[in-house]
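# Architecture at a glance
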Amino acid sequence: MKYTQLGRTGLKVSRLVLGTMNFGPQTDEADSHAIMDAALDAGINYFDTANVYGWGENKGRTEEIIGNWFAKGGERRDKVVLATKVYGNMAADGDAWPNHDKLSAVNIRRAVDASLKRLQTDYIDVYQFHHVDRRTPFEEIWQAIDVLVQQGKILYVGSSNFPGYKIAQANEIAARRGGTIGLVSEQCLYNLAERRAEMEVIPAAQEYGLGVIPWSPLHGGLLGGVIKKEVEGGRRASGRAADSLANTAIRAQIQSYEDLLDKHGIEPGEAALAWLLTRPGVTGPIVGPRTAEQLDSALRAVELELSEDLLTGLDEIFPGPGPSPEAFAW
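Since we're looking at a predicted model, the values are computed, not measured. (Residues numbered from 1 in each chain as written. Predicted model: local features only at pLDDT ≥ 70, side-chain atom pairs only at ≥ 80, totals over all residues. Heavy atoms only, no water.)

### Observations concerning the pairing of strand β6 (residues 124–129)
Note the cut-off: Burial classes follow relative accessibility: with a 1.4 Å probe on protein chains only, a residue under 20% of its type's maximum area counts as buried, one over 50% as exposed, and anything between as partly exposed. Runs of H or I in DSSP of at least four residues are treated as helices and runs of E of at least two as strands, each being numbered from the N terminus. By the convention used here, strands pair only if DSSP detects at least 2 bridges between them. Look down the strands so they point away from you; if going from the first strand over the helix to the second traces a clockwise path, that crossover is right-handed.
For β6, the buried fraction is high: six of the six residues fall into the buried class. Note: β6 against strand β7 (residues 154–160), five bridges, orientation parallel. For Q128, the partnering residue across the bridge sits in β7 and is G158. Viewed along the sheet, the connection from β6 through helix α5 (residues 138–150) into β7 turns out right-handed.

### Notes on the nonpolar core
This is how it is decided: Buried residues of nine kinds, namely Ala, Val, Leu, Ile, Met, Phe, Trp, Tyr and Cys, make up a nonpolar core once their side-chain atoms join them within 4.5 Å. Only heavy atoms matter for contacts: two residues are in contact if any of them lie within 4.5 Å across the pair.
Of all hydrophobic cores here, the largest spans 58 residues; its most connected members are I108, Y127, F129, W142, I145 and Y257. The dominant element in this core, judged by the number of residues it contributes, is α5, at six residues. If we skip the residues at most four places from it in the chain, Y257 touches L192, L223, P268, G269, A272, L314, I317 and F318. Of all hydrophobic cores here, the second largest spans 23 residues; its members include I35, F47, L119 and V287.

### Description of helix α11 (residues 268–277)
When you tally the buried positions in α11, you get ten out of ten residues, the bulk of the element. Listed in full, the buried residues belonging to α11 are P268, G269, E270, A271, A272, L273, A274, W275, L276 and L277. Those residues of α11 that are buried are in contact with β9 (211–215), α10 (248–264), β10 (286–287), α12 (292–303) and α13 (308–317).

### A word on the packing of aromatic side chains
Each aromatic ring pair is summarised here by two numbers: the centre-to-centre distance and the angle between the ring planes. Put simply, the rule reads: Pairing of aromatic side chains requires ring centres within 6.5 Å, counting the rings of Phe and Tyr and the six-membered ring of Trp. Pairs whose planes differ by under 30 degrees are stacked, by over 60 edge-to-face, and all others tilted. Comment: the charge-over-ring label is applied if NZ (Lys) or CZ (Arg) is within 6 Å of the ring centre and within 35 degrees of the ring normal.
Tallying each qualifying case throughout the model produces seven aromatic pairs. Seen from the ring of Y123, R77 lies directly overhead, with NZ or CZ sitting 4.1 Å from the centre.

What follows is the structure, given as structure tokens:
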């Protein structure tokens, strides 16, 4: 495994991030624990989750699965850089109360304590804002965070799904307050098929020293060899990938992508991950394996070297938006 600093911090993290969203809804606890053991054995030390994972009536279940894994001992907690998130309403569906979601000081305090209990730990390494809260001022947010840092409950703070201007606003207010390190990472939708983050989000993250953690690196399976699987195994695409392939232009684009990688003898999913590892500002993509085999495939991407010829070909198939403001101005 290869490691890098998380943004401008001294924290060393693996170039792959283990996403746990499938733990509980799609992968049972025993298999989830086996995947986490395998990830740790492979050198992945950055684990990402969120308080709402488990979804519906099972919100919090994923954190519980991770907490039970930590409780097995073997220095599991000590070896892991643990990241979780706050924003979503944790009340039972249809039973939501005011102040049980978003980024008010009262909800941040409540959510941290609840996550710590489920995770069976006394601190969170990277506490992430899962979404922008347009109604809570950053002065209030940072005041709440300062208290939690002083209490030793969290060490760093990151954002997720923030536009570039909110990254700037959050860190400028943190700087004015003094004593607050501000955001150190941004978790955003970014992959070959969805490159809009290159216009504003990634430049803002680089300017303010945030590590970029792309989520959905295979774009819902679209970049994982979906047409090849359809032809060879009769396995039809579902969800976002199926919706995308219904568009003939997108299907032709994905076919060109798979043909290019077949020419180079590289698996599509591994190439999509390896491409992200070549991108400026990217710390490491989140991989969310449902099985041990999917984890093995992701691990191979770390060692994959993409030639300049292949990178050029990928840019031709999936052209980025270009820099801001040139992408939308003269």
